[in-house]
Amino acid sequence: MKKLLLLLLLVISPVKAEIYDINRLDLKSHQGKVVYLDFWASWCKPCKESFPWMNSLLAKYPADSFTIITINLDAETDAMHRFLGKVKADFDIYHDASGQIAEQFEIEGMPTSYLIDRSGKVVKKHIGFYTKHTGKYEREIEELL
Amino acid sequence: MTAKYHWLILGVVIAASGCSSLGVKPWERNVLAQDDMLMDTDAIDLALDEHIYFSKEASSGGQGFAGGGCGCN
């Protein structure tokens, strides 16, 4: 009975996202996988809307060929933690408080996401998140898988 | 005389480059994106204003900073 309860708890409890400092980001280590790289912030409403969809992608595509990496751009760490207390995230989060990586990627809007192929090349860039376009985003991912 | 012009050009270049970093980067809009920063607290008022600007002046957007999906309007 105890084992059953433990199993049930594991199934229903949300998978906790790991939060890392931006200096630990190593995109090269993900070569061989299709990567969906997403830049977000706690105050950005479309970013919040994209989270359930990104969680569903992880459940839909095999982990050995697809991964999601997100970069949080909140200047305040507390704001990020408050957001993650309310919104479920199944993917790893790198915190870039100073916006150094955002500057390198020349982010033009929030959220911005990049689709990176298995060789590590950026093949698509999406500025903003629109639920009506999720089918298109998924087709783009599937073309690379 | 030439030296004076050099100083003048240098001054203009320095003054003009001071404007090059104006504006807020998309990821720095946390305060601007708050509801308190909207032009009006009432959503219906905002929608009416937006409609008036769109129909009378052929312009839209600029009423807030977090909407539009991309944070760029």
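A few points on the structure. (Residues numbered from 1 in each chain as written. Chains lettered and ligands numbered in written order. Predicted model: local features only at pLDDT ≥ 70, side-chain atom pairs only at ≥ 80, totals over all residues. Heavy atoms only, no water.)

## Some remarks on the overall build of chain B
Scanning chain B from N- to C-terminus turns up 2 helices and 0 strands. Taken over 73 residues, chain B has a buried fraction of 15%. Of the accessible surface of chain B, which amounts to about 5600 Å², a share of 64% is contributed by carbon and sulfur atoms. (Helix = DSSP H or I, 4+ residues; strand = E, 2+ residues; numbered from the N terminus. Buried < 20%, exposed > 50% of the residue type's maximum accessible area, 1.4 Å probe, protein only. Areas by Shrake-Rupley, 256 points an atom, 1.4 Å probe, with all protein chains shown as cover.)

## Some details on helix H3 (residues 77–86) of chain A
Residue and element names in this part refer to chain A. Restricting attention to buried positions, one finds in H3 the residues Ala79, Met80, Phe83 and Leu84. Summarising the axial view, the buried residues of H3 lie within an arc of 130°, below the 170-degree limit, and thus occupy one face. When the buried face of H3 is taken as reference, the exposed residues oriented beyond 90 degrees from it are Asp78, Arg82, Gly85 and Lys86. The elements touched by buried residues of H3 are strand S1 (19–21), strand S2 (34–40), helix H2 (45–60), strand S3 (66–72) and strand S4 (92–95). (Arc of directions from axis to C-beta. Contact = heavy atoms within 4.5 Å.)

## As for the interface of chain A and chain B
Across the contact, 17 residues belong to chain A and 13 residues belong to chain B. Buried surface at the junction of chain A and chain B, both sides included, amounts to about 1200 Å², of which 57% is carbon and sulfur. Remark: the boundary between chain A and chain B carries 1 salt bridge. Of the charged contacts in the structure, one is a salt bridge between Lys25(B) and Glu103(A), with a shortest N-O distance of 3.1 Å. Applying the counting criterion to the chain A and chain B interface returns 1 residue pair in polar contact (both at pLDDT 80 or more). Within the residue set of the side of chain A that touches chain B, elements represented by two or more residues are H2 and helix H4 (100–104) of chain A. (Buried area = accessible area lost by both parts, 1.4 Å probe. Salt bridge = Lys/Arg side-chain N within 4 Å of Asp/Glu carboxyl O. Polar contact = N/O pair within 3.5 Å; in protein donor to acceptor, adjacent residues only side chain to side chain.)

## A look at the side chain of Thr112(A)
Residues and elements named next belong to chain A. Mapped onto the secondary structure, Thr112 falls in strand S5 (residues 112–116). Residue Thr112 is classed as buried on the basis of its relative accessible area of 0%. Within the structure, the side chain of Thr112 is placed 2.6 Å from the backbone oxygen of Gly109, a separation counted as a polar contact. Excluding its chain neighbours within four sequence positions, the residues that come into contact with Thr112 are Leu37, Asp38, Phe39, Ile107, Lys125, His126 and Ile127.

## Comments concerning the nonpolar core
All names here are of chain A. Residues Phe51 and Ile71 are the most contacted members of the largest nonpolar core, which totals 44 residues. Listed by contribution, the elements that provide at least two residues to this core are S2, H2, S3, H3, S4, H4, S5 and helix H5 (134–144). Residue contributions to this core peak at 6 residues, all from S2. Leaving out residues up to four positions away in the same chain, Phe51 has contacts with Trp40, Phe83, Leu84, Val87, Lys88, Ala89 and Phe91. (Core = buried A, V, L, I, M, F, W, Y, C linked by side-chain atoms within 4.5 Å.)

## Structural notes on the pairing of S4(A)
All names here are of chain A. Pairing of S1 with S4, which is carried by 3 bridges, proceeds in the parallel orientation. For Ile19, the partnering residue across the bridge sits in S4 and is Ile93. Direction of pairing for S3 relative to S4: parallel, over a ladder of 4 bridges. Directly across from Asn72, in S4, lies its bridge partner His95. Regarding topology, H3 serves as the crossover connection from S3 to the parallel S4, and that connection is right-handed. (Pairing = 2+ DSSP bridges. Right-handed = clockwise from strand over helix to strand, strands pointing away.)

## Regarding the pattern of salt bridges
Residues and elements named next belong to chain A. Counted according to the given criterion, the structure contains 6 salt bridges over all chains. Residue Lys60 is joined to Glu138 by a salt bridge in which the shortest nitrogen-to-oxygen separation is 2.5 Å. In this pair, Lys60 is assigned in helix H2 and Glu138 in helix H5, connecting sequence segments 78 residues apart. On the basis of relative accessible area, Lys60 is assigned to the partly exposed category, the value being 47%.

## Some remarks on the side chain of Asn72(A)
Residues and elements named next belong to chain A. Among the structural elements, Asn72 can be located in strand S3. A distance of 2.8 Å separates a polar atom in the side chain of Asn72 from a polar atom in the side chain of Asp74. Setting aside its immediate chain neighbours within four residues, Asn72 contacts Trp40, Ala41, Ser42, Met80, Ile93, Tyr94, His95 and Asp96.

## A closer look at the environment of Met110(A)
Tracing the backbone through its elements, the reader meets Met110(A) in the loop between H4 and S5. For Met110(A) and Trp40(A), which are 70 residues apart along the polypeptide, the C-alpha to C-alpha distance reads 6.3 Å.

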